[in-house]
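# Results of the structural survey
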Amino acid sequence: KQTMKKPINLASLQSKMCNIWGTKPNTTKLMLCRVEDWTDESFQEDCYVDIRAYGKAERTREMVLDGMEKVQASFLDHGLVANVRLETYDG
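Keep in mind that what you see is a predicted model, and the values were worked out from it rather than measured.

Our focus in this paragraph is the overall build of the protein chain. A tally of regular secondary structure across the protein chain gives two helices and two strands. When the helices and strands of the protein chain are read in sequence order from the N terminus, they spell out α-β-α-β. Each of the three principal axes of the protein chain carries a C-alpha extent, and together these read 40 × 25 × 20 Å. Counting only residues that meet the buried cut, the protein chain has 29% of its 91 residues in that class. Summarising the internal contacts of the protein chain: among those between residues at least 6 apart in sequence, 77% fall at separations of at least 24. Separation of charge centres in the protein chain, based on 13 positive and 14 negative side chains, amounts to 7 Å.

It is the contact of helix H1 (residues 10-21) with helix H2 (residues 61-77), at a shortest axis distance of 10 Å, that shows an interaxial angle of 160 degrees. Regarding the angle of H1 to H2, the classification is roughly antiparallel. Read as a crossing pair, H1 and H2 show a hand that is right-handed. The residues of H2 that touch H1, namely those facing Leu-13, Lys-16, Met-17, Ile-20 and Trp-21, are Met-63, Val-64, Gly-67, Met-68, Lys-70, Val-71, Ser-74, Phe-75 and Asp-77.

Once that is clear, we can look at the pattern of salt bridges. Inspection of every chain in the model, using the stated rule, returns five salt bridges. Here Lys-70 makes a salt bridge to Asp-66, at a shortest N to O gap of 3.1 Å. On the criterion of helical spacing, the pair formed by Lys-70 and Asp-66 is a turn pair, its members being four residues apart in helix H2. The shortest N-O distance in the salt bridge between Arg-85 and Glu-87 comes to 3.2 Å. On the basis of relative accessible area, Arg-85 is assigned to the partly exposed category, the value being 34%. Connected through salt bridges with shared partners, the residues Asp-50, Arg-85 and Glu-87 form a single ionic network.

Reading the values: rules and limits
Residues numbered from 1 in each chain as written. Predicted model: local features only at pLDDT ≥ 70, side-chain atom pairs only at ≥ 80, totals over all residues. Heavy atoms only, no water. Helix = DSSP H or I, 4+ residues; strand = E, 2+ residues; numbered from the N terminus. Buried < 20%, exposed > 50% of the residue type's maximum accessible area, 1.4 Å probe, protein only. Contact = heavy atoms within 4.5 Å. Lys, Arg positive; Asp, Glu negative; His and termini not counted. Charge placed at Lys NZ, Arg CZ, Asp CG, Glu CD. Axes fitted to C-alpha atoms, helices over the stretch in contact; angles between N-to-C directions. Parallel < 35°, antiparallel > 145°, perpendicular 65-115°, else oblique. Left-handed = near helix turned anticlockwise from the far one by under 90°. Salt bridge = Lys/Arg side-chain N within 4 Å of Asp/Glu carboxyl O.

All quantities given are derived from atomic positions and should not be read as evidence of function.
Dropping the structure here:
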């Protein structure tokens, strides 16, 4: 599959991510990497969103799942279907 050509407004999406996760722009990094997708056509996403987040006590499973849904909705607001993956880590 060819690299996605749709424009992505990273500044707007970063602002939305900060609102969803309660973070600041200096700790919320968005990186755009355009690559060829070799998976089959059954995956109908426009982009793959990989989130790494510090595992705080208040980031419960329910809070994280809700946040992931909000991330998908934020990308959809920009006309993008996002496949969201989230990993928490201990610092």
